[in-house]
Amino acid sequence: MYTKPNMQYLNSEQISGLETQANAIRQSIIEMLTEAGSGHTAGPLGMADVFTLLYFALLKHDPTNPDWVERDRLILSNGHICPVLYATMAHAGYFPVEELLTLRKFGTRLQGHPHRQALPGLENTSGPLGSGLSQAVGMAIADRMDNPYTSKFMYCLTGDGELQEGQIWEAAMLAGKEKLHNLIVIVDRNGFQIDGYTQDVMPMEPLAEKWESFGFDVQEVDGHSMRALNDAIGKAQAVYSQPSVIIAHTIGGKGVDVFERDFRWHGNPPGKGPEDRVPKSDQAKVALQKLRTLAGTIDNNNHA
Amino acid sequence: MFTNHVSEVIKNGGEVEQVATRNGFGEGLLEAGKRDANVVALCCDLTESTKTHLFANEFPERFVQVGVAEQNLASVASGIASMGKVPFMTSYAMFSPGRNWEQIRTTIAYNNANVKIVGSHAGVSVGPDGATHQAIEDIAIMRAVPNMIVVAPADVHEAHKVTLAAAQHDGPIYFRLGRSSTPVVTTEETPFEIGKAQLMFTCDESLKKKVGIVVTGSLLYNALMAAQELQTQGIGASVLHMATIKPLDTEALSEFAAQHDALVTVEEHQVIGGLGGAVAEFLSETNPTKIARIGIHDQFGQSGEPDELIAHYGMDVPSIVAAGQRVVE
């Protein structure tokens, strides 16, 4: 059981360890999606740093006792990026890493979109967009009923396309009204969704001002910088009397340069993605090569 | 003749007291809150009309005013339940479960979350507000969802008991309430159990033709009056009160069907997917029985007084009597 204080300073060695861990998680994401033959690639790769930091440095949780009452809650609102959630949970010790290859198969605990009752450690069921934030708000309200000074945090992770759902803003209104200091929302701002770039499908800027006007403390950070993310979450934990949102600017497909920034990788697995940068037959192989060495900058073969 | 579950006033043909079922809920919720500190209530800007204000005034720290946002209501309730509390979420049935059906399905039913969904203002007896506010499909849409229990209490006493039983039950449950005052048919002592039907009126065994009336919700009174009338016309008639529509009390229904020549189902709801649908589905597989279904026949409601609308849509006593005659011809 991790009884550490909420936020702590991370030294260079710890940061480098987290980056290596994130990379191992990205490799698992490629392997599980390739085996499944369907699922989402860009979002999971883009959010691997956020998930790694949360599960390996920030969350109060215990993988051997997933129902521990005093744990923080991680609520994934955009359930389609669950490969990153499953891979991070497996690497953190919730279940064997080998089980990741059962993703989306008949009888699996790793349903195509997460089902709370299928797998210990999942806090919510999601897939239909927009309802995770409401659930996180409900958890934060319930926890505060028991302890107004609670330091148990509800971390709600949402996509940016998901913010087009009206229910998100219903929940944001309630969170602002209730001044939920124990709610920290992290938006995966990668700028694209299935049909294209968010600014074409449905523009959402000015996004920071939207959250601010709903009563949130707003920060914008580089979603791939462990230090920036850690600092932002630490600051969010220190905000009392209002909920927090961290807009994490991420690169969809992060870590595999031939996938990055292309919205066509939103909903396709390796082997079924766009072919103009890498042929279908090589997509999985090339992705794993890139990740094993982080484009030649690290030696990560031991984590493969 | 009337069974012991029916009040003495009705047995003696006296003037029947009229109270809205939502009142029974409001008092029941207050009592549930006093019994269990984990009971929480949420409402969408309809606190007084759903009678949730009785709880909210007594336990403001356990009441969440969600504002006009029914989708949020459902998922917030799910989150509250996942922290070990027992949330009752209330609004008009047209909006909850009408507007937030997917949130109820995904974040409540699929997780078997311990959320109590209370839909007030069900049926055309909502009256002057018109069709937009008359929920007549709520039973159908909730009955189709796995893990969901669906109950339509008959009167104020039963609404009170359903509320307390819901607080005790571990899992999701939907129950519907009415806006207008309806006859008080049962007594405080009448037993109530989720999933159990109750025989309210038994037919004269000496009569040759026998019709069984299966009824849910506040039309129980009309069903009883119709049964009495049918017997004076020489047709044996019994009334089985099916407060819980899901799970259907199939044991009681099988026995009831076997004892009668034909059945009439009665509900203030579309006949598609409601009690009539549930009874027909079950009996067609086990004991094919001729059934006449009283309810709304694939139409929308409209403005009017409750009694006018009940008569217009063929749910009044003469309509039930006519269906009873027709079905045993």
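None of these values were measured; they are calculated from a predicted model.

Cut-offs used in this document
- Here the residue index of a chain counts from 1 through its sequence in written order.
- All chains are assigned letters beginning at A, and all ligands numbers beginning at 1, according to the order in which they are written.
- For this predicted model, a pLDDT threshold of at least 70 governs which residues receive local features, and a threshold of 80 or more governs which side-chain atom pairs are given and counted, while totals over whole chains, interfaces and linings are taken from all residues.
- In this usage, the nonpolar core is the set of buried Ala, Val, Leu, Ile, Met, Phe, Trp, Tyr and Cys residues whose C-beta atoms join them within 7 Å.
- With C-beta atoms placed from the backbone, a residue is labelled by how many other C-beta atoms lie within 10 Å of its own: buried for 20 or more, exposed for 12 or fewer, partly exposed between the two.
- Any residue pair is listed as a contact if its two C-beta atoms, each placed from the backbone, are within 7 Å.
- Under the DSSP-based scheme used, a helix requires at least four consecutive residues in state H or I and a strand at least two consecutive residues in state E, with every element numbered from the N terminus.
- Side-chain classes are defined by residue name, with Ala, Val, Leu, Ile, Met, Phe, Trp, Tyr, Cys and Pro counting as nonpolar, Asp, Glu, Lys and Arg as charged, and the others, Gly among them, as polar.
- As a per-residue measure, pLDDT reflects the predictor's confidence and takes values from 0 up to 100.
- Here the arc refers to the set of directions running from the helix axis out to each C-beta atom.
- Here, axes are lines fitted to C-alpha atoms. For helices the fit covers the stretch in contact, and angles between N-to-C directions go from 0 to 180 degrees.
- Definitions for this section: a left-handed crossing has its near helix turned counterclockwise from the far helix by less than a right angle. A right-handed crossing has that turn clockwise.
- The pairing criterion is simple: DSSP has to find at least two bridges between the two strands.
- Where a domain begins and ends is set by an automatic assignment or by a domain database.
- A crossover gets the label right-handed when its path from the first strand over the helix to the second runs clockwise, viewed with the strands pointing away from the viewer.

Turning next to the nonpolar core. Val137 of chain A together with Ile213, Ala223 and Leu224 of chain B are the most contacted members of the largest nonpolar core, which totals 196 residues. Excluding residues within four positions of it along the chain, Leu224 of chain B makes contact with Ile10, Val185, Met200, Phe201 and Val239 of chain B.

If you look at the interface, chain A gives 21 residues, while chain B gives 24 residues. Elements supplying a minimum of two residues to the side of chain A that touches chain B: helix H5 (132-146) and helix H6 (166-178) of chain A. Considering every element that reaches the side of chain A that touches chain B, the biggest residue donor is H5 of chain A, with ten residues. Taken together, the residues of the side of chain A that touches chain B break down into ten nonpolar, eight polar and three charged.

Residues and elements named next belong to chain B. Note that Gln302 resides in the loop between strand S14 (291-296) and helix H11 (306-312). Owing to 15 C-beta atoms within 10 Å, Gln302 belongs among the partly exposed residues under this scheme. Excluding residues that lie within four positions of it along the chain, Gln302 makes contacts with Gly130 and Ala131.

Our next topic: unusual backbone geometry. The amide bond that connects Glu205 of chain A to the next residue, Pro206 of chain A, takes the cis arrangement and shows omega of 0 degrees. With respect to the helices, strands and loops of the structure, Pro206 of chain A is situated in the loop between helix H7 (198-201) and helix H8 (207-213). Along the chain, Lys246 of chain B connects to Pro247 of chain B via a cis peptide bond; the corresponding omega equals 0 degrees. Positive phi, close to 70 degrees, is recorded for Arg104 of chain A, a residue that is not glycine.

Across chain B, pLDDT averages 97, with 100% of residues at or above 70. Overall fold confidence for the complex sits at a pTM of 0.95, while the interface term, ipTM, reaches 0.95.

This paragraph deals with helix H9 (residues 250-259) of chain B. All names here are of chain B. Among the residues of H9, Leu253, Phe256 and Ala257 are the ones counted as buried. Each buried residue of H9 sits inside an arc of 100 degrees when the element is viewed along its axis, so together they form one side. Opposite the buried face of H9, by more than 90 degrees, sit the exposed residues Glu251 and Ala258. Lining the buried residues of H9 we find strand S10 (210-215), strand S11 (236-241), strand S13 (262-270) and helix H10 (275-286).

Residue and element names in this part refer to chain A. Taken together, the buried positions of helix H10 (residues 283-293) are Gln283, Ala287, Lys290 and Leu291. Seen from one end, H10 has its buried residues packed into an arc of 95 degrees, which puts them on one side. Where H10 is buried, its residues meet helix H1 (12-36).

The next point concerns the packing of helix H2 (residues 21-35) of chain B against helix H7 (residues 156-168) of chain B. Residues and elements named next belong to chain B. In the contact formed by H2 and H7, the axes pass within 7 Å of each other and the chain directions differ by 35 degrees. Helix-helix and strand crossings are classified by hand; for H2 and H7 the assignment is right-handed. Seen from H2, the contacting residues are Thr21, Asn23, Gly24, Phe25, Glu27, Gly28, Leu29, Glu31 and Ala32; seen from H7, they are Val156, His157, Ala159, His160, Thr163, Leu164 and Ala167.

Now for the sheet that holds strand S7 (residues 244-249) of chain A. Residue and element names in this part refer to chain A. Across the sheet, which stays open at both edges, the five strands sit in the order S1-S2-S3-S7-S6 with parallel pairing between neighbours. Both edges of this open sheet fall to strand S1 (73-76) and strand S6 (217-222), since each of them pairs with a single strand only. Within the sheet, the average angular offset between the axes of one strand and its neighbour, ignoring direction, is 20 degrees. Relative to strand S2 (residues 154-159), S1 runs parallel, the two being bridged by four bridges.

The next point concerns the domain arrangement of chain B. All names here are of chain B. Domain annotation of chain B identifies domain 1 (8-15 + 193-327) and domain 2 (18-183). For domain 1 and domain 2, the distance between their C-alpha centres works out to 25 Å. Across the boundary between the two partners, domain 1 contributes 31 residues, which contact 29 residues of domain 2. Its residues assigned to classes, the side of domain 1 that touches domain 2 comprises 15 nonpolar, 13 polar and three charged.

Let us now look at the sheet that holds strand S6 (residues 149-151) of chain B. Residue and element names in this part refer to chain B. Taken in spatial order, the seven strands make up an open sheet running S3-S2-S4-S5-S7-S6-S12, and their pairing is mixed. One side of each edge strand has no neighbouring strand; the edge strands of this open sheet are strand S3 (63-65) and strand S12 (244-246). Shown here is a sheet whose adjacent strand axes are inclined to one another by a mean of 20 degrees, direction ignored. Here strand S2 (residues 39-43) runs beside S3; their pairing, made up of three bridges, is parallel. For Cys43, the partnering residue across the bridge sits in S3 and is Gln65.

Moving on to the environment of Arg179 of chain B. Residue and element names in this part refer to chain B. Secondary-structure assignment places Arg179 in the loop between strand S7 (173-176) and strand S8 (182-183). Take Arg179: there are 23 C-beta atoms within 10 Å of it, and that puts it in the buried class. A C-alpha to C-alpha distance of 15 Å links Arg179 and Glu308, two positions 129 residues apart in sequence. The residues touching Arg179, leaving out its near neighbours within four places in the chain, are Ala20, Arg22, Ser120, His121, Ser125 and Val126.

The subject of this paragraph is the pairing of S2 of chain B. All names here are of chain B. Where burial is concerned, most of S2 is hidden: five out of the five residues are buried. Alternating residues of S2 divide into Val39, Ala41 and Cys43 and Val40 and Leu42, and every residue in both groups is buried. Of the strand pairs in this sheet, S2 and strand S4 (residues 86-92) are connected by five bridges, and their pairing is parallel. For Val40, the partnering residue across the bridge sits in S4 and is Pro87. Regarding the hand of the β-α-β motif, the stretch spanning S2, helix H3 (residues 53-58) and S3 is right-handed.

Further remarks concern the environment of Ala165 of chain B. Residues and elements named next belong to chain B. Secondary-structure assignment places Ala165 in helix H7. Using a count of 21 C-beta atoms within 10 Å as the deciding quantity, one classes Ala165 as buried. Between the C-alpha atom of Ala165 and that of Ser284, which follows or precedes it by 119 residues, the distance is 31 Å. Here Ala165 is in contact with Phe192 and Ile194, once residues within four sequence places are set aside.

This next bit is on the packing of helix H3 (residues 48-58) of chain A against helix H4 (residues 82-92) of chain A. Residue and element names in this part refer to chain A. Relative orientation of the contacting elements H3 and H4 amounts to 35 degrees, with a least axis distance of 10 Å. Read as a crossing pair, H3 and H4 show a hand that is right-handed. In this structure, H3 uses Ala48, Phe51, Thr52, Tyr55 and Phe56 to contact H4, whose residues at the interface are Val84, Leu85, Thr88 and Ala92. Of the residues assigned to the contact of H3 with H4, the class counts are seven nonpolar, two polar and no charged.

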